[in-house]
Amino acid sequence: MSRSIVRQSKFRHVFGQGAKAEQGYDDIRVSKVTWDSSFCAVNPKFLAVIVESSGGGAFLVLPLSNAGRVDKNYPLVVGHSGPVLDIDWCPHNDNILASCSEDTTAMVWQIPDHTPCRPISEPIVVLEGHSKRVGIIKWHPTARNILLTAGSDNLIIIWNVGTGEPLITMDEHPDLIYNVSWNYNGSLFCTSCKDRRIRVCDPRKNEVLAERLAPHEGIRPMRAIFTREGNIFTTGFTRMSQRELGLWDPTHFEEPIALLELDTSNGVLLPFYDPDTNIVYLSGKGDSSIRYFEITEEPPYVHYISTYSSKEPQRGMGFMPKRGVDVTKCEIARLYKLHERKCEPIMMTVPRKSDLFQDDLYPDTAGPEPALEPEEWLEGRDADPLLVSMREGYVPPKSRELKVAKKNMLESRPATTRRSMSVVDGSSLPPQLLEKLVEEIQSLKATVLSQEKRICDLENKLSKYTNGTV
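Residues numbered from 1 in each chain as written. Predicted model: local features only at pLDDT ≥ 70, side-chain atom pairs only at ≥ 80, totals over all residues. Heavy atoms only, no water.

Details of the overall build of the chain
Stage number 1. On a plain count of helices and strands, the chain comes out with two helices and 32 strands.
Stage number 2. Expressed as a percentage of the 470 residues in the chain, the buried residues total 50%.
Stage number 3. Within the chain, contacts between residues at least 6 apart in sequence are counted, and of these 53% link residues at least 24 apart.
Stage number 4. Split by element, the accessible area of the chain, about 23300 Å² in all, is 51% carbon and sulfur. (Helix = DSSP H or I, 4+ residues; strand = E, 2+ residues; numbered from the N terminus. Buried < 20%, exposed > 50% of the residue type's maximum accessible area, 1.4 Å probe, protein only. Contact = heavy atoms within 4.5 Å. Areas by Shrake-Rupley, 256 points an atom, 1.4 Å probe, with all protein chains shown as cover.)

A few points about the sheet that holds strand 13 (residues 146-151)
Stage number 1. Strand order in the open sheet made by the four strands is 12-13-14-15, with antiparallel pairing throughout. Each of the sheet's edge strands pairs with one partner strand only, and the pair in question is strand 12 (134-139) and strand 15 (165-170). Here the average twist between neighbouring strands, direction ignored, is 25°.
Stage number 2. Relative to strand 15, strand 14 (residues 156-160) runs antiparallel, the two sharing five bridges. In the strand pairing of strand 15, I158 is matched with I168. (Pairing = 2+ DSSP bridges. Axes fitted to C-alpha atoms, helices over the stretch in contact; angles between N-to-C directions.)

Observations regarding empty space enclosed by the protein
Stage number 1. By the definition in use, this model includes four cavities of 30 Å³ or more.
Stage number 2. Considering only enclosed or pocket space, the second largest cavity measures out at about 70 Å³ in volume.
Stage number 3. Along the wall of the second largest cavity there are 15 residues; nearest its centre are V61, Y74, I111, P116 and I120.
Stage number 4. Ranked by the residues each element gives to the lining of the second largest cavity, the list is headed by strand 5 (residues 57-63), at three residues.
Stage number 5. Across the lining of the second largest cavity, the residue classes tally to 12 nonpolar, two polar and one charged. (1 Å grid on protein atoms, 1.4 Å probe; cavity = no way out; pocket = protein on both sides within 12 Å on 5 of 7 lines; lining within 4 Å. Points joined across faces, edges and corners; volume = space filled by probe spheres on them. Nonpolar A, V, L, I, M, F, W, Y, C, P; charged D, E, K, R; others polar.)

What to know about the UniProt feature "repeat: WD" (unreviewed entry) in the chain
Stage number 1. When the UniProt feature table is mapped onto this chain numbering, "repeat: WD" (unreviewed entry) sits at residues 77-111 and 127-169.
Stage number 2. End-to-end, the C-alpha atoms of residues 77-111 are 9 Å apart, and along that stretch the chain is 0% helix and 63% strand. (UniProt positions renumbered as here; feature names shortened; annotations may be inferred.)

Comments concerning the packing of aromatic side chains
The geometry of an aromatic ring pair is captured by the separation of the ring centres together with the interplanar angle, meaning the angle of the planes.
Stage number 1. Per the counting criterion, the structure on display carries 10 aromatic pairs.
Stage number 2. Seen from their ring centres, Y281 and F319 are 5.8 Å apart, and the 40° between their planes marks the pair as tilted. Residue Y281 is located in strand 25 (residues 279-284), and its partner F319 is located in strand 28 (residues 316-319); the two are separated by 38 residues in the primary sequence.
Stage number 3. Through a chain of ring-to-ring contacts, three or more aromatic side chains come together here, namely F272, Y281, Y292 and F319.
Stage number 4. Stacked on the ring of F237, the Lys or Arg R220 has its end atom at 4.7 Å from the ring centre.
Stage number 5. Here the guanidinium or amino end of K285 rests over the ring plane of F39, the centre of that ring lying 3.7 Å away. (Phe/Tyr/Trp six-rings, centres within 6.5 Å; stacked < 30°, edge-to-face > 60°. Lys NZ or Arg CZ within 6 Å of the ring centre and 35° of its normal.)

Some points on the environment of D382
Stage number 1. The residue D382 is located in the loop between helix 1 (374-378) and strand 32 (387-388) in this model.
Stage number 2. The spacing of D382 and T142 is 240 residues in sequence and 8.5 Å in space, taken between C-alpha atoms.

Some points on the nonpolar core
Across soluble globular proteins, nonpolar side chains have a tendency to be buried as a group.
Stage number 1. Core analysis: the largest hydrophobic core is formed by 40 residues, its most contacted members being I28, L47, F59, V61, I111 and Y336.
Stage number 2. Elements supplying a minimum of two residues to this core: strand 3 (40-42), strand 4 (46-51), strand 5, strand 8 (84-89), strand 10 (105-110) and strand 29 (331-338).
Stage number 3. Ranked by residue count, the leading element in this core is strand 4, at six residues.
Stage number 4. Excluding its chain neighbours within four sequence positions, the residues that come into contact with F59 are V49, I50, V51, L76, V77, V84, I87, L97, S99 and W109.
Stage number 5. Of all hydrophobic cores here, the second largest spans 25 residues; its members include V325, L335, L361 and M390. (Core = buried A, V, L, I, M, F, W, Y, C linked by side-chain atoms within 4.5 Å.)

Notes on the pairing of strand 29
Stage number 1. Counting buried residues in strand 29 gives eight out of eight residues, a clear majority hidden from the surface.
Stage number 2. Two strands pair when backbone bridges link them, and strand 28 and strand 29 are joined in this way by four bridges, in the antiparallel orientation. Residue pairing in the sheet places G316 in a bridge with L338 of strand 29.
Stage number 3. Inspection of the sheet shows strand 29 paired to strand 30 (residues 342-349) by seven bridges, in the antiparallel sense. Bridge pairing links E331 to T349 in strand 30.
Stage number 4. Joining the antiparallel neighbours strand 29 and strand 30 is a turn of three residues.

Let's talk about the pattern of salt bridges
Stage number 1. Summed over the entire model, instances satisfying the criterion amount to 21 salt bridges.
Stage number 2. Salt-bridge contacts for R243 lead to D287; the nearest nitrogen and oxygen are separated by 2.7 Å. A residue pair is termed long-range when its members are at least 10 positions apart, and R243 in strand 22 (residues 242-248) and D287 in the loop between strand 25 and strand 26 (289-295) qualify at 44 residues.
Stage number 3. A residue is classified by how much of its surface remains accessible, and D287, at 9% relative accessible area, is buried.
Stage number 4. Close ionic contact of R352 with D360 constitutes a salt bridge, the shortest N to O distance being 2.9 Å.
Stage number 5. Judged by relative accessible area, D360 falls into the partly exposed class, the value being 36%.
Stage number 6. Each of R228, D274, D276 and K322 takes part in one network of salt bridges that share partners. (Salt bridge = Lys/Arg side-chain N within 4 Å of Asp/Glu carboxyl O.)

Observations regarding the side chain of D287
Stage number 1. For D287, the side chain forms a polar contact with the side chain of R243, separated by 2.7 Å.
Stage number 2. In contact with D287, other than residues within four places in its own chain, are R243, S265, L269, E312, P313 and Q314. (Polar contact = N/O pair within 3.5 Å; in protein donor to acceptor, adjacent residues only side chain to side chain.)

Set out below in C-alpha coordinates:
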(Lines give C-alpha, C1' and ligand atoms only; values in the text may rest on other atoms or scores of the structure.)
Protein backbone atom coordinates (compact mmCIF):
# COMPACT_ATOMS: atom_id res chain seq x y z
CA MET A 1 0.00 0.00 0.00
CA SER A 2 1.48 3.34 -1.05
CA ARG A 3 1.59 6.20 1.41
CA SER A 4 1.42 9.82 0.26
CA ILE A 5 4.33 11.82 1.56
CA VAL A 6 3.45 15.35 2.66
CA ARG A 7 6.22 17.94 2.55
CA GLN A 8 7.18 19.15 5.99
CA SER A 9 7.10 22.94 6.28
CA LYS A 10 5.97 25.32 9.00
CA PHE A 11 4.50 27.56 6.28
CA ARG A 12 2.27 24.91 4.67
CA HIS A 13 -0.87 26.32 6.28
CA VAL A 14 -0.23 30.06 5.88
CA PHE A 15 -3.52 31.79 5.12
CA GLY A 16 -4.41 35.32 4.03
CA GLN A 17 -7.08 37.44 5.66
CA GLY A 18 -8.34 40.87 4.63
CA ALA A 19 -8.61 43.55 7.30
CA LYS A 20 -11.99 44.68 8.58
CA ALA A 21 -13.58 47.61 6.74
CA GLU A 22 -12.72 50.07 9.52
CA GLN A 23 -9.03 49.05 9.35
CA GLY A 24 -8.75 49.94 5.66
CA TYR A 25 -8.10 53.33 4.04
CA ASP A 26 -11.03 54.67 2.00
CA ASP A 27 -11.49 57.45 -0.55
CA ILE A 28 -7.98 57.25 -2.06
CA ARG A 29 -7.92 58.19 -5.76
CA VAL A 30 -5.30 55.69 -6.90
CA SER A 31 -3.26 56.78 -9.93
CA LYS A 32 -4.43 55.60 -13.36
CA VAL A 33 -0.98 55.92 -14.97
CA THR A 34 -0.23 53.01 -17.29
CA TRP A 35 3.02 51.92 -15.67
CA ASP A 36 3.78 48.51 -14.16
CA SER A 37 4.90 49.64 -10.71
CA SER A 38 3.23 48.76 -7.43
CA PHE A 39 1.92 52.37 -6.84
CA CYS A 40 2.21 51.74 -3.09
CA ALA A 41 5.00 51.69 -0.50
CA VAL A 42 4.65 50.95 3.20
CA ASN A 43 6.86 50.81 6.30
CA PRO A 44 6.16 50.39 10.05
CA LYS A 45 5.07 54.06 10.32
CA PHE A 46 3.51 55.18 7.04
CA LEU A 47 1.50 54.14 4.01
CA ALA A 48 2.31 55.96 0.74
CA VAL A 49 0.10 55.72 -2.36
CA ILE A 50 0.56 57.37 -5.77
CA VAL A 51 -2.69 59.24 -6.48
CA GLU A 52 -4.44 61.08 -9.28
CA SER A 53 -3.70 64.80 -9.23
CA SER A 54 -4.03 67.76 -11.55
CA GLY A 55 -1.06 69.92 -12.45
CA GLY A 56 1.74 67.41 -11.93
CA GLY A 57 2.40 64.31 -9.89
CA ALA A 58 1.51 63.69 -6.26
CA PHE A 59 1.31 60.94 -3.70
CA LEU A 60 -0.48 60.52 -0.41
CA VAL A 61 1.37 59.65 2.82
CA LEU A 62 -0.73 58.47 5.77
CA PRO A 63 0.35 57.35 9.24
CA LEU A 64 -0.68 53.68 9.56
CA SER A 65 -2.88 54.64 12.52
CA ASN A 66 -5.01 56.93 10.29
CA ALA A 67 -7.33 54.13 9.09
CA GLY A 68 -10.81 54.95 7.83
CA ARG A 69 -12.03 57.53 5.35
CA VAL A 70 -9.33 59.90 4.10
CA ASP A 71 -10.32 63.58 4.04
CA LYS A 72 -10.48 64.83 0.44
CA ASN A 73 -8.42 67.87 1.53
CA TYR A 74 -5.72 65.76 3.21
CA PRO A 75 -2.34 67.35 2.30
CA LEU A 76 -0.47 65.51 -0.46
CA VAL A 77 3.24 65.38 -1.25
CA VAL A 78 3.59 67.49 -4.38
CA GLY A 79 6.65 68.71 -6.23
CA HIS A 80 6.93 66.69 -9.42
CA SER A 81 5.71 68.41 -12.59
CA GLY A 82 4.73 65.07 -14.17
CA PRO A 83 2.97 61.92 -12.94
CA VAL A 84 4.80 60.01 -10.19
CA LEU A 85 5.74 56.50 -11.39
CA ASP A 86 7.44 54.83 -8.40
CA ILE A 87 8.06 55.41 -4.69
CA ASP A 88 10.28 53.65 -2.14
CA TRP A 89 10.79 54.06 1.62
CA CYS A 90 14.33 54.28 2.92
CA PRO A 91 15.14 51.04 4.84
CA HIS A 92 17.32 53.00 7.31
CA ASN A 93 15.01 55.91 8.14
CA ASP A 94 11.23 55.44 8.34
CA ASN A 95 10.63 59.15 7.63
CA ILE A 96 12.56 59.31 4.34
CA LEU A 97 10.81 58.53 1.05
CA ALA A 98 12.14 58.66 -2.53
CA SER A 99 9.97 59.23 -5.61
CA CYS A 100 10.54 59.35 -9.36
CA SER A 101 8.46 60.78 -12.15
CA GLU A 102 7.79 61.38 -15.83
CA ASP A 103 9.39 64.81 -15.34
CA THR A 104 12.85 63.05 -15.54
CA THR A 105 13.70 63.74 -11.87
CA ALA A 106 13.86 61.79 -8.64
CA MET A 107 13.20 63.47 -5.29
CA VAL A 108 13.87 62.58 -1.66
CA TRP A 109 11.37 63.71 0.99
CA GLN A 110 11.40 64.03 4.77
CA ILE A 111 7.94 63.05 6.06
CA PRO A 112 7.03 64.50 9.49
CA ASP A 113 5.53 62.27 12.18
CA HIS A 114 2.62 64.67 12.63
CA THR A 115 -0.05 65.33 9.99
CA PRO A 116 1.07 68.38 7.95
CA CYS A 117 -1.37 71.27 7.69
CA ARG A 118 -0.46 71.98 4.07
CA PRO A 119 0.89 70.00 1.10
CA ILE A 120 4.57 69.03 1.34
CA SER A 121 6.24 70.65 -1.68
CA GLU A 122 9.90 71.02 -0.64
CA PRO A 123 12.02 67.88 -1.17
CA ILE A 124 15.31 67.50 0.68
CA VAL A 125 17.15 66.64 -2.54
CA VAL A 126 16.26 66.77 -6.24
CA LEU A 127 18.24 64.29 -8.34
CA GLU A 128 18.59 65.36 -11.97
CA GLY A 129 20.56 63.17 -14.37
CA HIS A 130 18.13 61.32 -16.62
CA SER A 131 16.99 62.69 -19.99
CA LYS A 132 13.68 60.75 -20.07
CA ARG A 133 11.11 59.66 -17.52
CA VAL A 134 12.37 57.85 -14.43
CA GLY A 135 10.30 54.74 -13.73
CA ILE A 136 12.25 52.76 -11.11
CA ILE A 137 13.68 53.84 -7.76
CA LYS A 138 15.36 51.51 -5.21
CA TRP A 139 17.26 52.17 -1.97
CA HIS A 140 20.40 50.16 -1.25
CA PRO A 141 19.62 47.49 1.39
CA THR A 142 22.70 47.99 3.61
CA ALA A 143 24.54 51.25 2.74
CA ARG A 144 23.41 54.64 4.03
CA ASN A 145 22.10 57.19 1.50
CA ILE A 146 22.73 55.05 -1.61
CA LEU A 147 19.83 55.24 -4.09
CA LEU A 148 19.37 53.67 -7.54
CA THR A 149 17.23 55.12 -10.33
CA ALA A 150 16.47 53.71 -13.79
CA GLY A 151 14.89 55.69 -16.59
CA SER A 152 13.44 55.33 -20.08
CA ASP A 153 16.78 56.66 -21.38
CA ASN A 154 18.01 53.10 -20.55
CA LEU A 155 20.41 54.49 -17.91
CA ILE A 156 20.87 53.26 -14.35
CA ILE A 157 22.26 55.93 -12.02
CA ILE A 158 23.39 55.29 -8.44
CA TRP A 159 23.33 58.40 -6.22
CA ASN A 160 24.69 59.49 -2.88
CA VAL A 161 21.58 61.21 -1.54
CA GLY A 162 23.62 62.92 1.20
CA THR A 163 25.47 64.99 -1.41
CA GLY A 164 22.97 64.84 -4.27
CA GLU A 165 25.72 63.60 -6.59
CA PRO A 166 25.66 60.67 -9.05
CA LEU A 167 28.29 58.07 -8.11
CA ILE A 168 27.85 55.51 -10.91
CA THR A 169 26.15 55.61 -14.32
CA MET A 170 25.54 52.38 -16.23
CA ASP A 171 24.48 52.33 -19.90
CA GLU A 172 24.68 48.57 -20.65
CA HIS A 173 20.94 48.24 -21.38
CA PRO A 174 19.90 48.78 -25.02
CA ASP A 175 16.17 48.98 -24.27
CA LEU A 176 13.61 49.82 -21.57
CA ILE A 177 14.42 48.42 -18.10
CA TYR A 178 11.42 46.66 -16.54
CA ASN A 179 12.72 46.25 -12.99
CA VAL A 180 15.82 46.26 -10.77
CA SER A 181 16.48 44.18 -7.65
CA TRP A 182 19.44 44.39 -5.24
CA ASN A 183 20.83 41.18 -3.77
CA TYR A 184 20.81 40.56 0.00
CA ASN A 185 23.98 42.54 0.83
CA GLY A 186 23.74 45.07 -2.02
CA SER A 187 26.93 43.99 -3.81
CA LEU A 188 25.07 43.20 -7.06
CA PHE A 189 21.72 43.86 -8.68
CA CYS A 190 19.75 42.06 -11.37
CA THR A 191 17.59 43.66 -14.08
CA SER A 192 14.94 42.57 -16.55
CA CYS A 193 14.86 44.41 -19.87
CA LYS A 194 12.66 44.80 -22.93
CA ASP A 195 15.39 43.10 -25.02
CA ARG A 196 14.22 39.89 -23.22
CA ARG A 197 17.42 39.51 -21.20
CA ILE A 198 18.03 39.11 -17.48
CA ARG A 199 21.32 40.70 -16.41
CA VAL A 200 23.39 40.48 -13.22
CA CYS A 201 25.38 43.71 -12.76
CA ASP A 202 28.24 44.74 -10.50
CA PRO A 203 27.71 48.51 -10.20
CA ARG A 204 31.12 49.31 -8.67
CA LYS A 205 32.94 47.56 -11.52
CA ASN A 206 30.38 48.99 -13.95
CA GLU A 207 30.00 45.68 -15.76
CA VAL A 208 27.50 42.93 -16.50
CA LEU A 209 28.67 39.70 -14.81
CA ALA A 210 26.09 37.36 -16.36
CA GLU A 211 23.07 37.49 -18.61
CA ARG A 212 20.42 35.16 -19.93
CA LEU A 213 18.42 35.65 -23.13
CA ALA A 214 14.70 34.82 -22.94
CA PRO A 215 14.36 33.05 -19.58
CA HIS A 216 10.67 33.11 -20.55
CA GLU A 217 9.86 32.64 -24.24
CA GLY A 218 7.03 35.19 -24.37
CA ILE A 219 7.64 38.77 -25.43
CA ARG A 220 5.59 40.33 -22.63
CA PRO A 221 7.29 42.08 -19.66
CA MET A 222 9.32 40.06 -17.13
CA ARG A 223 10.30 40.61 -13.52
CA ALA A 224 13.45 39.35 -11.77
CA ILE A 225 14.43 39.46 -8.09
CA PHE A 226 17.37 38.10 -6.09
CA THR A 227 16.69 35.52 -3.39
CA ARG A 228 18.68 35.48 -0.15
CA GLU A 229 20.84 32.57 -1.39
CA GLY A 230 21.85 34.48 -4.52
CA ASN A 231 19.54 32.75 -7.00
CA ILE A 232 17.22 34.76 -9.26
CA PHE A 233 13.43 34.32 -9.21
CA THR A 234 11.66 35.44 -12.40
CA THR A 235 8.10 35.91 -13.62
CA GLY A 236 7.16 36.16 -17.28
CA PHE A 237 5.12 34.60 -20.08
CA THR A 238 5.38 31.53 -22.31
CA ARG A 239 5.13 31.74 -26.09
CA MET A 240 1.40 30.93 -25.71
CA SER A 241 0.96 33.89 -23.27
CA GLN A 242 0.67 31.70 -20.21
CA ARG A 243 2.16 33.21 -17.08
CA GLU A 244 5.25 31.45 -15.86
CA LEU A 245 7.73 31.63 -13.00
CA GLY A 246 11.32 30.44 -12.87
CA LEU A 247 14.26 30.03 -10.50
CA TRP A 248 17.79 30.44 -11.87
CA ASP A 249 21.37 30.12 -10.69
CA PRO A 250 23.19 33.16 -12.17
CA THR A 251 26.47 31.21 -12.28
CA HIS A 252 24.80 28.55 -14.51
CA PHE A 253 22.23 30.47 -16.50
CA GLU A 254 21.87 27.77 -19.21
CA GLU A 255 19.23 25.68 -17.43
CA PRO A 256 16.62 26.79 -14.86
CA ILE A 257 16.56 25.31 -11.36
CA ALA A 258 12.75 25.31 -11.68
CA LEU A 259 10.23 26.47 -14.29
CA LEU A 260 6.50 26.47 -13.56
CA GLU A 261 3.52 27.44 -15.71
CA LEU A 262 0.65 29.15 -13.89
CA ASP A 263 -2.35 30.44 -15.85
CA THR A 264 -3.38 32.52 -18.85
CA SER A 265 -3.78 36.19 -18.01
CA ASN A 266 -2.56 39.58 -19.21
CA GLY A 267 -1.37 41.06 -15.91
CA VAL A 268 2.36 41.16 -15.17
CA LEU A 269 3.10 39.22 -11.97
CA LEU A 270 4.81 41.48 -9.41
CA PRO A 271 6.91 39.41 -6.96
CA PHE A 272 7.24 40.42 -3.27
CA TYR A 273 9.94 38.41 -1.52
CA ASP A 274 10.50 37.80 2.19
CA PRO A 275 14.16 36.78 2.76
CA ASP A 276 13.48 35.61 6.33
CA THR A 277 10.95 32.92 5.34
CA ASN A 278 11.96 32.45 1.67
CA ILE A 279 8.34 32.98 0.65
CA VAL A 280 7.50 34.94 -2.50
CA TYR A 281 4.06 36.52 -2.98
CA LEU A 282 2.85 37.04 -6.56
CA SER A 283 0.37 39.80 -7.31
CA GLY A 284 -0.83 40.56 -10.84
CA LYS A 285 -2.34 43.92 -11.77
CA GLY A 286 -6.00 43.33 -12.56
CA ASP A 287 -5.98 40.01 -10.66
CA SER A 288 -8.13 39.48 -7.60
CA SER A 289 -5.79 36.92 -6.03
CA ILE A 290 -2.34 36.64 -4.44
CA ARG A 291 -0.43 33.39 -4.90
CA TYR A 292 2.43 32.50 -2.61
CA PHE A 293 5.28 30.03 -2.96
CA GLU A 294 8.08 28.78 -0.73
CA ILE A 295 11.59 28.53 -2.21
CA THR A 296 13.65 25.67 -0.76
CA GLU A 297 16.77 23.63 -1.55
CA GLU A 298 14.78 20.42 -2.18
CA PRO A 299 13.06 19.57 -5.49
CA PRO A 300 10.92 20.99 -6.98
CA TYR A 301 12.59 24.03 -5.32
CA VAL A 302 9.56 26.32 -5.79
CA HIS A 303 6.64 24.95 -3.77
CA TYR A 304 3.12 26.29 -4.20
CA ILE A 305 1.54 27.03 -0.79
CA SER A 306 -1.86 28.60 -1.39
CA THR A 307 -3.84 31.46 -2.95
CA TYR A 308 -5.57 34.37 -1.25
CA SER A 309 -8.64 35.29 -3.32
CA SER A 310 -11.03 38.21 -3.12
CA LYS A 311 -13.70 39.74 -5.35
CA GLU A 312 -12.08 43.06 -6.23
CA PRO A 313 -9.18 43.35 -8.72
CA GLN A 314 -6.01 45.03 -7.48
CA ARG A 315 -4.51 48.20 -8.95
CA GLY A 316 -1.27 47.87 -7.03
CA MET A 317 0.29 46.37 -3.93
CA GLY A 318 2.53 47.39 -1.02
CA PHE A 319 4.66 45.00 1.05
CA MET A 320 5.41 45.66 4.71
CA PRO A 321 9.01 45.05 5.89
CA LYS A 322 9.21 42.27 8.48
CA ARG A 323 9.79 44.88 11.22
CA GLY A 324 6.16 46.01 10.82
CA VAL A 325 4.26 42.72 11.27
CA ASP A 326 2.36 41.75 14.43
CA VAL A 327 4.32 38.94 16.13
CA THR A 328 1.56 38.41 18.73
CA LYS A 329 -0.78 37.12 16.00
CA CYS A 330 1.83 34.93 14.19
CA GLU A 331 1.61 37.30 11.22
CA ILE A 332 4.53 36.60 8.86
CA ALA A 333 3.69 39.14 6.13
CA ARG A 334 1.31 42.01 5.43
CA LEU A 335 0.39 43.30 2.00
CA TYR A 336 -1.54 46.48 1.20
CA LYS A 337 -3.89 45.94 -1.75
CA LEU A 338 -4.90 48.98 -3.78
CA HIS A 339 -8.46 49.03 -5.08
CA GLU A 340 -9.81 51.79 -7.32
CA ARG A 341 -10.76 54.01 -4.37
CA LYS A 342 -9.25 52.38 -1.27
CA CYS A 343 -6.36 50.44 0.24
CA GLU A 344 -6.94 47.16 2.10
CA PRO A 345 -4.39 45.50 4.40
CA ILE A 346 -4.08 41.72 3.96
CA MET A 347 -2.46 39.73 6.76
CA MET A 348 -0.62 36.45 6.07
CA THR A 349 -0.74 34.31 9.21
CA VAL A 350 0.59 30.93 10.39
CA PRO A 351 -2.09 29.25 12.53
CA ARG A 352 -0.66 28.55 16.00
CA LYS A 353 -2.50 27.90 19.25
CA SER A 354 0.18 29.29 21.57
CA ASP A 355 0.28 32.98 22.52
CA LEU A 356 4.03 32.82 23.14
CA PHE A 357 6.64 34.29 20.80
CA GLN A 358 7.34 31.83 17.97
CA ASP A 359 11.13 31.71 17.52
CA ASP A 360 10.95 29.52 14.41
CA LEU A 361 8.69 32.00 12.58
CA TYR A 362 10.69 35.11 13.43
CA PRO A 363 14.45 34.84 12.97
CA ASP A 364 16.34 38.10 13.49
CA THR A 365 15.44 40.45 10.65
CA ALA A 366 17.00 43.45 8.94
CA GLY A 367 16.91 46.44 11.28
CA PRO A 368 16.78 50.19 10.58
CA GLU A 369 20.53 50.85 11.00
CA PRO A 370 22.78 50.86 7.90
CA ALA A 371 25.75 48.47 7.90
CA LEU A 372 27.94 50.69 5.68
CA GLU A 373 28.60 54.34 4.93
CA PRO A 374 28.44 55.44 1.27
CA GLU A 375 32.23 55.80 1.00
CA GLU A 376 32.82 52.28 2.39
CA TRP A 377 30.42 50.71 -0.11
CA LEU A 378 31.92 52.66 -3.02
CA GLU A 379 35.41 51.49 -2.02
CA GLY A 380 34.30 47.86 -2.40
CA ARG A 381 33.20 46.79 1.07
CA ASP A 382 30.14 44.54 1.47
CA ALA A 383 28.13 43.79 4.59
CA ASP A 384 24.89 41.95 5.33
CA PRO A 385 22.06 43.96 6.93
CA LEU A 386 22.35 44.58 10.68
CA LEU A 387 19.77 42.32 12.29
CA VAL A 388 17.34 43.01 15.14
CA SER A 389 15.26 40.62 17.24
CA MET A 390 11.48 40.52 16.78
CA ARG A 391 10.86 39.05 20.26
CA GLU A 392 9.47 42.26 21.78
CA GLY A 393 7.98 43.49 18.52
CA TYR A 394 9.32 46.56 16.74
CA VAL A 395 8.68 50.13 17.90
CA PRO A 396 9.54 52.68 15.19
CA PRO A 397 11.87 55.46 16.41
CA LYS A 398 10.87 59.11 16.26
CA SER A 399 11.60 61.20 13.20
CA ARG A 400 15.31 61.58 12.38
CA GLU A 401 16.82 64.13 10.02
CA LEU A 402 18.47 62.69 6.93
CA LYS A 403 22.18 62.40 7.75
CA VAL A 404 24.51 63.75 5.10
CA ALA A 405 28.07 62.62 4.52
CA LYS A 406 29.82 65.57 2.86
CA LYS A 407 28.11 68.59 1.38
CA ASN A 408 24.81 69.28 3.09
CA MET A 409 22.19 69.88 0.40
CA LEU A 410 20.15 71.87 2.91
CA GLU A 411 22.87 74.54 3.05
CA SER A 412 22.35 75.36 -0.63
CA ARG A 413 18.75 76.40 0.02
CA PRO A 414 17.80 80.08 0.19
CA ALA A 415 18.19 81.68 3.59
CA THR A 416 14.42 82.24 3.74
CA THR A 417 13.70 78.51 4.22
CA ARG A 418 11.20 78.18 7.04
CA ARG A 419 12.50 76.66 10.29
CA SER A 420 10.37 74.85 12.82
CA MET A 421 9.85 76.50 16.21
CA SER A 422 11.71 73.62 17.87
CA VAL A 423 15.03 74.76 16.40
CA VAL A 424 14.70 78.47 17.24
CA ASP A 425 16.98 79.44 20.12
CA GLY A 426 14.50 81.02 22.50
CA SER A 427 17.13 81.99 25.08
CA SER A 428 18.51 84.73 22.81
CA LEU A 429 15.13 86.51 22.47
CA PRO A 430 13.37 88.72 25.05
CA PRO A 431 10.21 87.01 26.41
CA GLN A 432 7.94 89.80 25.06
CA LEU A 433 9.35 89.48 21.54
CA LEU A 434 9.12 85.68 21.64
CA GLU A 435 5.46 85.87 22.74
CA LYS A 436 4.73 88.36 19.96
CA LEU A 437 6.35 86.12 17.34
CA VAL A 438 4.31 83.11 18.47
CA GLU A 439 1.08 85.16 18.35
CA GLU A 440 1.91 86.42 14.86
CA ILE A 441 2.63 82.90 13.60
CA GLN A 442 -0.66 81.62 15.05
CA SER A 443 -2.54 84.52 13.48
CA LEU A 444 -0.96 83.86 10.07
CA LYS A 445 -1.81 80.14 10.35
CA ALA A 446 -5.44 80.96 11.12
CA THR A 447 -5.58 83.33 8.13
CA VAL A 448 -4.09 80.71 5.79
CA LEU A 449 -6.54 78.03 7.00
CA SER A 450 -9.53 80.34 6.49
CA GLN A 451 -8.31 81.23 2.98
CA GLU A 452 -7.84 77.54 2.14
CA LYS A 453 -11.41 76.83 3.31
CA ARG A 454 -12.69 79.72 1.18
CA ILE A 455 -10.81 78.40 -1.88
CA CYS A 456 -12.25 74.94 -1.30
CA ASP A 457 -15.81 76.34 -1.07
CA LEU A 458 -15.34 78.32 -4.28
CA GLU A 459 -13.93 75.28 -6.09
CA ASN A 460 -16.95 73.23 -5.00
CA LYS A 461 -19.31 75.95 -6.28
CA LEU A 462 -17.41 76.11 -9.56
CA SER A 463 -17.60 72.34 -10.03
CA LYS A 464 -21.38 72.45 -9.43
CA TYR A 465 -21.74 75.10 -12.16
CA THR A 466 -19.52 73.23 -14.63
CA ASN A 467 -21.36 69.95 -13.96
CA GLY A 468 -24.68 71.66 -14.56
CA THR A 469 -26.10 70.82 -11.15
CA VAL A 470 -26.87 74.49 -10.36
